[in-house]
Amino acid sequence: MARLTINGRSLEVNVNPNTPLLWAIREQAGLTGTKYGCGIAQCGSCTVHVDGVAVRSCAMPVAAVAGKKITTIEGLATGSVLHKVQKAWLDHEVPQCGYCQAGMIMAVAALLRDKPKPTDADIDARITNICRCGTFQQVREAIHAAAKA
């Protein structure tokens, strides 16, 4: 058993300590916004925040996050008020298929927390998530719009 705090809610999960956090989030907590993409921490579909840092949950063992604050896409908004990145995503019509978008939004939210006014070079360095639909130009526009919000 491990005690996790996900989106401000504490819960015990009955998983092997080496189980990837992604599966505890999806199957134990029932939060399916975080997606499985590659399973090797390359694509970023599974990105969540652990103590405010963007991490790839498919490669993060549950044992490494016990006692830490985990935020998923479901916990990013404040009640019914969207996070500024979520709003920019809608305003700039970023999603196509949408599969990678939760992880992308989580990565961008962490970037803007650390660098409120990122340059294109900052974006290129920090946002390594893969979008198979190729919406990278809309992503960049939405990041700059969110930075101005």
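Computed from a predicted model, the values in this text were never measured in an experiment.

Engineer: Help me understand unusual backbone geometry in this model?
Structural biologist: Note: most residues except glycine have negative phi, and most peptide bonds are trans. One non-glycine residue with positive phi stands out, namely Asn-7, at about 55°. Not every positive phi belongs to a glycine, and Asp-51 is a case in point at roughly 50°. Position of Asp-51 relative to the elements: it lies in the loop between strand 3 (47–50) and strand 4 (53–56).

Engineer: Any chance you could explain the sheet that holds strand 2 (residues 9–13) here in plain terms?
Structural biologist: Within a sheet, neighbouring strands are paired by backbone hydrogen bonds and run either parallel or antiparallel to one another. Strand order in the open sheet made by the five strands is 2-1-5-3-4, with mixed pairing throughout. Two strands bound the open sheet, and with one partner strand each, they are strand 2 and strand 4. Across the sheet, the mean angle from the axis of one strand to that of its neighbour is 40°, orientation sign disregarded. Pairing of strand 1 (residues 2–6) with strand 2, which is carried by five bridges, proceeds in the antiparallel orientation. Residue Ile-6 lies in a different strand from strand 2, and its bridge partner there is Arg-9.

Engineer: Just to check I follow, could you spell out helix 2 (residues 84–91) for this structure?
Structural biologist: The α-helix advances 3.6 residues per turn, and as a result positions three or four apart in sequence lie on the same side. Among the residues of helix 2, Val-85, Gln-86, Ala-88 and Trp-89 are the ones counted as buried. All buried residues of helix 2 fall inside an arc of 160° around its axis, so they share one side. In this fold, the buried residues of helix 2 make contact with helix 3 (101–114) and helix 5 (136–148). Glu-93, located one to two residues past helix 2, shows a positive phi value of around 50°.

Engineer: Mind showing me how you'd approach the nonpolar core here?
Structural biologist: When a protein is soluble and globular, its nonpolar side chains tend to lie buried together. Membership of the largest hydrophobic core comes to 24 residues, with the highest contact counts inside it found for Val-85, Trp-89, Met-104, Val-108, Leu-112, Ile-127 and Ile-143. Only helix 2, helix 3 and helix 5 provide two or more residues apiece to this core. The element that contributes the greatest number of residues to this core is helix 3, accounting for nine residues. Setting aside chain neighbours within four positions, we find Val-85 in contact with Ile-105, Val-108, Ala-109, Leu-112 and Ala-146.

Cut-offs and rules
Residues numbered from 1 in each chain as written. Predicted model: local features only at pLDDT ≥ 70, side-chain atom pairs only at ≥ 80, totals over all residues. Heavy atoms only, no water. Helix = DSSP H or I, 4+ residues; strand = E, 2+ residues; numbered from the N terminus. Pairing = 2+ DSSP bridges. Axes fitted to C-alpha atoms, helices over the stretch in contact; angles between N-to-C directions. Buried < 20%, exposed > 50% of the residue type's maximum accessible area, 1.4 Å probe, protein only. Arc of directions from axis to C-beta. Contact = heavy atoms within 4.5 Å. Core = buried A, V, L, I, M, F, W, Y, C linked by side-chain atoms within 4.5 Å.

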